[in-house]
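Given next are the chains, with one letter for each unit.
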Amino acid sequence: MKLKELKNGWENNGSFIPKDESNNDYQLIKKYIAEGGIYEKFDWLQDAKEAKLAEINSFHDSKEVKYLTIKVNNLQTGIFVNQEYRYLIDEQRELLQIRKEAGEANPTWLYQNGITLPLDLKTLNQIRLYIGKLTDDNFRARANNIKSINNFKTIEELEKFDIKTGYRINQILTF
C-alpha cells in the first residue's frame with residue numbers, strides 16, 4: 001500500500017479516498033494506520049505557508065496597497081499605482097515639458113477621474129517620485145513578509161503574522 005495523507009482525504013496507489021466515515025476504503029485506511037501502517041504525512045505547515053503567501057499576493061494587489069489619493073487644494077482624486085498609470089504620468093510629464101519649452105508659462109494637465117485636478121510639471125514630478133518610492137517600499141515589505149513566512153516553524157506563528165507588516169497603505173499625497 002502506497003498511502004499519502006491529503007488535506008481533504010487520502011491517496012492510495014493513485015486513487016483518492018475522501019475522509020468520510022461511511023466510506024469502506026477510509027475505514028481500511030484508519031485500521032491500517034492504527035496497526036502501525038506507514039504513510040506519507042500531509043505537510044500542514046507548508047499548506048498554511050502557501051495559503052498565507054496567497055493572502056499576501058492578493059493583499060499586495062489590493063486597492064489598499066495600489067491606490068494613491070492625490071489632493072490639490074480642496075479637490076482630490078486617486079490613481080492606481082500600477083504600470084498603466086505610471087506610464088500616464090510619464091507621458092504627461094513629457095508633454096508638459098514640451099509645452100513649457102514651447103513657451104507656455106505654467107502648463108498644467110487636467111487630470112480627470114470624476115474630478116479635474118490641475119497638475120503642473122513640478123507636481124507631476126513629485127507624484128512620479130512618490131509612486132516610485134511607494135512601489136519600492138511595498139515590494140520590499142512583500143519580500144520581507146515572504147521571507148518571514150518561509151522561515152516560520154509553526155502554524156501558530158503563521159496565524160499570528162500580520163501580512164500588512166511594513167506596507168504603506170491608503171496613501172494620500174497632498175499639494
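Structure report, in brief. (Residues numbered from 1 in each chain as written. Predicted model: local features only at pLDDT ≥ 70, side-chain atom pairs only at ≥ 80, totals over all residues. Heavy atoms only, no water.)

1. Here's the deal with the nonpolar core
Piece 1. Among the nonpolar cores identified, the biggest contains 18 residues, and Leu-68, Ile-79, Leu-119 and Ile-127 are the most heavily contacted of them.
Piece 2. Elements that contribute at least two residues to this core include exactly strand E4 (67-72), helix H4 (83-101), strand E6 (108-112), strand E7 (116-120) and helix H5 (121-151).
Piece 3. Here this core gets 6 residues from one element, more than from any other, and that element is H5.
Piece 4. Residues contacting Ile-127, with those up to four places away along its chain left out, are Ile-70, Ile-79, Ile-89, Leu-119, Leu-173 and Phe-175. (Core = buried A, V, L, I, M, F, W, Y, C linked by side-chain atoms within 4.5 Å. Buried < 20%, exposed > 50% of the residue type's maximum accessible area, 1.4 Å probe, protein only. Helix = DSSP H or I, 4+ residues; strand = E, 2+ residues; numbered from the N terminus. Contact = heavy atoms within 4.5 Å.)

2. Structural notes on the sheet that holds strand E5 (residues 75-80)
Piece 1. Taken in spatial order, the 3 strands of this open sheet run E5-E4-E8, and their pairing is mixed. Each edge of the sheet is formed by a strand with only one pairing partner; in this case those strands are E5 and strand E8 (171-174). Across the sheet, the mean angle from the axis of one strand to that of its neighbour is 25°, orientation sign disregarded.
Piece 2. In this structure, E4 lies alongside E8, joined through 4 bridges in parallel fashion. Within E8, the position partnered with Ile-70 by the bridge is Leu-173. (Pairing = 2+ DSSP bridges. Axes fitted to C-alpha atoms, helices over the stretch in contact; angles between N-to-C directions.)

3. Here we look at unusual backbone geometry
Piece 1. In this model, Asn-13 sits at a positive phi of 50°, which is unusual for a non-glycine residue.
Piece 2. Mapped onto the elements of the fold, Asn-13 is located in the loop between strand E2 (9-12) and strand E3 (15-18).
Piece 3. Of note in this structure, Asn-73 is not a glycine but carries a positive phi near 55°.
Piece 4. Along the chain, Asn-73 falls in the loop between E4 and E5.
Piece 5. Classification of Asn-73 by relative accessible area gives exposed; the value is 67%.

4. Considerations on the sheet that holds strand E1 (residues 3-6)
Piece 1. Taken in spatial order, the 3 strands of this open sheet run E1-E2-E3, and their pairing is antiparallel. Because the sheet does not close on itself, it has two edges, and the strands there are E1 and E3. In this sheet, adjacent strand axes meet at a mean angle of 25° when their direction is disregarded.
Piece 2. Bridge analysis of E1 against E2 gives 4 bridges, and the strand direction is antiparallel. Residue pairing for E2: Leu-6 is matched across the bridge by Gly-9.
Piece 3. Helix H1 (residues 24-34) contacts E1, E2 and E3 of the sheet and is inclined by roughly 90° relative to E3.

5. A word on empty space enclosed by the protein
If a probe as big as a water molecule is rolled over the atoms, it shows which places are left empty.
Piece 1. This model, assessed by the stated rule, comprises 1 cavity of 30 Å³ or more.
Piece 2. Considered as a void within the structure, the largest cavity measures approximately 50 Å³ in volume.
Piece 3. In terms of lining, the largest cavity is formed by His-60, Val-65, Lys-66, Val-81, Leu-134, Thr-135, Asn-138 and Phe-139.
Piece 4. Elements represented by at least two residues in the lining of the largest cavity include exactly helix H3 (63-66) and H5. (1 Å grid on protein atoms, 1.4 Å probe; cavity = no way out; pocket = protein on both sides within 12 Å on 5 of 7 lines; lining within 4 Å. Points joined across faces, edges and corners; volume = space filled by probe spheres on them.)

6. Focus on the packing of H4 against H5
Piece 1. Between H4 and H5, whose axes approach to 9 Å, the crossing angle comes to 155°. By the angle class used here, H4 and H5 are roughly antiparallel. Of the two elements, H4 crosses H5, and the hand of that crossing is left-handed. Packed against H4, whose contacting residues are Arg-86, Ile-89, Asp-90, Gln-92, Arg-93, Leu-96, Gln-97 and Lys-100, the element H5 presents Leu-121, Leu-124, Asn-125, Ile-127, Arg-128, Ile-131, Gly-132 and Thr-135 at the interface.
Piece 2. Of the residues assigned to the contact of H4 with H5, the class counts are 6 nonpolar, 5 polar and 5 charged. (Parallel < 35°, antiparallel > 145°, perpendicular 65-115°, else oblique. Left-handed = near helix turned anticlockwise from the far one by under 90°. Nonpolar A, V, L, I, M, F, W, Y, C, P; charged D, E, K, R; others polar.)

7. Remarks on the packing of aromatic side chains
To describe a pair of aromatic rings, one takes the distance between the centres and the angle between the planes.
Piece 1. On inspection of all chains with the given rule, the structure shows 5 aromatic pairs.
Piece 2. With a centroid separation of 4.5 Å and 70° between ring planes, the pair formed by Phe-42 and Trp-44 is classed as edge-to-face.
Piece 3. Exposure remark for Trp-44: the relative accessible area of 36% places this residue in the partly exposed category.
Piece 4. Note on Tyr-67 and Phe-80: the rings are 5.0 Å apart at their centroids and 70° apart in plane angle, and the pair reads as edge-to-face. (Phe/Tyr/Trp six-rings, centres within 6.5 Å; stacked < 30°, edge-to-face > 60°.)

Note that all results are geometric; they support no functional claim without further evidence.
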